Structure formats: structure tokens, C-alpha cells
Amino acid sequence: MIQLKHVSLEYPVTRTLALDDVSLHVQKGEFVYLVGHSGAGKSSFMNLVIKRTLPTRGTVHVSGEPLLNYRGRRTAVLRRRIGMVFQDNLLLPHLNAYENVAFALRVTGVPQREWAGRVTAALRTVGMEHKKYALPVQLSQGEQQRVAIARAVVGDPPLLLADEPTGNLDPENSRDVIKVLQHVNLRGTTVLVATHARDLVESFRHRTLTLRRGRLVRDDPYGGYAL
Ligand code: ADP
Ligand code: ADP
């Protein structure tokens, strides 16, 4: 699903080496944590996968294709295959939960007759079907994040990237979000979670990649937080 071969990323001007000779392979269907201190390169890694940045050296493959194949209009094709979840859920405040999820289908051109079924299924996956008419302000942070996950997966992307998805949540809501991501994973989506949350990485064990100053220093198949 994601393959990096000797990837380095040096930002121009500051010459920061955000990724330093990283090689790794994330298989289809895996659930993987990406851990590391602030500045270790986690966001840079995610930005490479969605082609927001290009590597300075090395090659990146997504879904078996080199990233360089996704040129021009095909960049949109690549991004449509990748769901994204952030620390801030970025729901549209004037739309209810249902409409926020449906919005993702509208912008990608899915025919309207398919919306109801797909939105309902996505909200059910994250356990929010009963709150579909609620506006974001009427939902807790954790519930909002679950709606954001529904929005990210409603298009059935093969890959979901989550960047600090529990960063604004209390421990209980954080655990719920990880459980929802695990559920999404069991339905067939490859999931990559960048996180600082040591307790979550320790209690919900999955393969864990550790970055330190841009280098991949650990790749533990059974997880655990080792910073
Ligand atoms: P993390 O997500 O693990 O906090 P980042 O990938 O955001 O790490 O950052 C890795 C390094 O690259 C840091 O030193 C950061 O300051 C630097 N960096 C990130 N984005 C940019 C950018 N657009 N231009 C220059 N330097 C950047
Ligand atoms: P986060 O990944 O923590 O949500 P960002 O990706 O915005 O936040 O930034 C991560 C790190 O990269 C921060 O330390 C920030 O200062 C640095 N950074 C982001 N953009 C730039 C940039 N254009 N130039 C230099 N450093 C940057």
C-alpha cells in the first residue's frame, strides 16, 4: 500500500532534513502507528504519501504505483483514494453530521442517489448514526472526531491517514477513536496513525514505526512505545 525506498526529504531554504534515508513497506490491510517526538518527521511522511511534498531522494509508491505517476489531474485520483483525519476535526459548523459526511461525496462527484446509503453506513461504522441531525456544536469533541472519521471513510478509501487524531481528546474519547479506527481497519482499509499517545500505543497493540530526527529507528511488528 505504501512503499518508501531510501527516501530523504530536505526542505529548501532551512535545509531541514525531515526524513533521512527511510525505507519501509506498509502492506494492504495493516494498522500501523507512526510515533516520534514533535519534529521527528511524522507530518512530512504523511505529506509525502498524499504528494503534498516530493522526496529529495528515493522513491515512494502508493497502491503499487510510483508517486510520480500521479501527475496533474491524477493527483486528485490519488487523494481520493486516501482518507485523512486530523487533530482538529475541521467539520463545517453550519452543516449537521449527515451533511458533513455527504459533503465529501458531493465534492468527489458521487451520484446523489448513492449518498443516503453510503453516509448512513459510514455513520454506523463510527457509531454516530443516532446523531446524524446534530450540528458540530451539539457534539462532544470525541463525537465530532468520529464524524470526521466517517467523512474520511465514506468514499471507501483503501488507505486512511490519521495525524494526531486523539490530540484534543480526553482518555476515554481517545480510546473510542482508536476503536473506531480499528473497526475501519477490519472493514479492509489500511490505517496509518501518527500519534504521541503512548498509553494508546501500549494498550491497543499494532505495528509501530518510530521516527527520530527523520530516521526510522524502530519497526516493531507487535507495537509498544519506545521513545
Ligand atoms: P512531526 O510531524 O513529527 O512533528 P514534521 O514532519 O512536521 O514532524 O517536521 C520535521 C522537521 O521538518 C522539523 O524539523 C520541522 O521543523 C521541519 N519542517 C516541517 N515542515 C517544514 C516546511 N514546510 N519547511 C521547512 N521545514 C519544515
Ligand atoms: P503538527 O504536525 O504538529 O500538527 P505542523 O505540521 O504545522 O504541525 O508543524 C510541525 C513542525 O514543523 C512545527 O515544529 C513547525 O514549526 C514546523 N514547520 C511547519 N511548517 C514549517 C515551515 N514552513 N517552515 C519551517 N518549519 C515549519
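Please read all numbers here as calculations on a predicted model, not as lab measurements.

Looking at this structure, I do not really get the site of ligand 1. What am I missing?
Taken together, Y11, T14, T16, A18, H37, S38, G39, A40, G41, K42, S43 and S44 are the residues near ligand 1. G41 has a polar backbone atom sitting 3.0 Å from an oxygen atom of ligand 1. For ligand 1, whose unbound accessible area comes to 560 Å², protein coverage reaches 61%. Of all the elements, helix 1 (residues 42-49) adds the most residues to the shell around ligand 1, at 3 residues. For the shell around ligand 1, the class distribution of residues is 3 nonpolar, 8 polar and 1 charged.

Please clarify how the environment of L34 should be interpreted in this entry.
Mapped onto the elements, L34 comes out in strand 3 (residues 31-35). Between the alpha carbons of L34 and A162 there is a distance of 9.8 Å; along the sequence they are 128 residues apart. Excluding anything up to four places from it in sequence, L34 contacts K42, F45, V193, A194, T195, L209 and L211.

Hey, could you run me through the packing of aromatic side chains in this one?
The description of an aromatic ring pair uses the distance of the two centres, along with the angle that the planes make with each other. Overall, the coordinates contain 1 aromatic pair when judged by the stated rule. Ring centres of F31 and Y33 lie 5.5 Å apart, and the angle between their planes is 75 degrees; on these two criteria the pair is classed as edge-to-face. Take Y33: its relative accessible area is 0%, and that puts it in the buried class.

The rules behind the values
Residues numbered from 1 in each chain as written. Chains lettered and ligands numbered in written order. Predicted model: local features only at pLDDT ≥ 70, side-chain atom pairs only at ≥ 80, totals over all residues. Heavy atoms only, no water. Near = heavy atom within 4 Å. Polar contact = N/O pair within 3.5 Å; in protein donor to acceptor, adjacent residues only side chain to side chain. Areas by Shrake-Rupley, 256 points an atom, 1.4 Å probe, with all protein chains shown as cover. Helix = DSSP H or I, 4+ residues; strand = E, 2+ residues; numbered from the N terminus. Nonpolar A, V, L, I, M, F, W, Y, C, P; charged D, E, K, R; others polar. Contact = heavy atoms within 4.5 Å. Phe/Tyr/Trp six-rings, centres within 6.5 Å; stacked < 30°, edge-to-face > 60°. Buried < 20%, exposed > 50% of the residue type's maximum accessible area, 1.4 Å probe, protein only.

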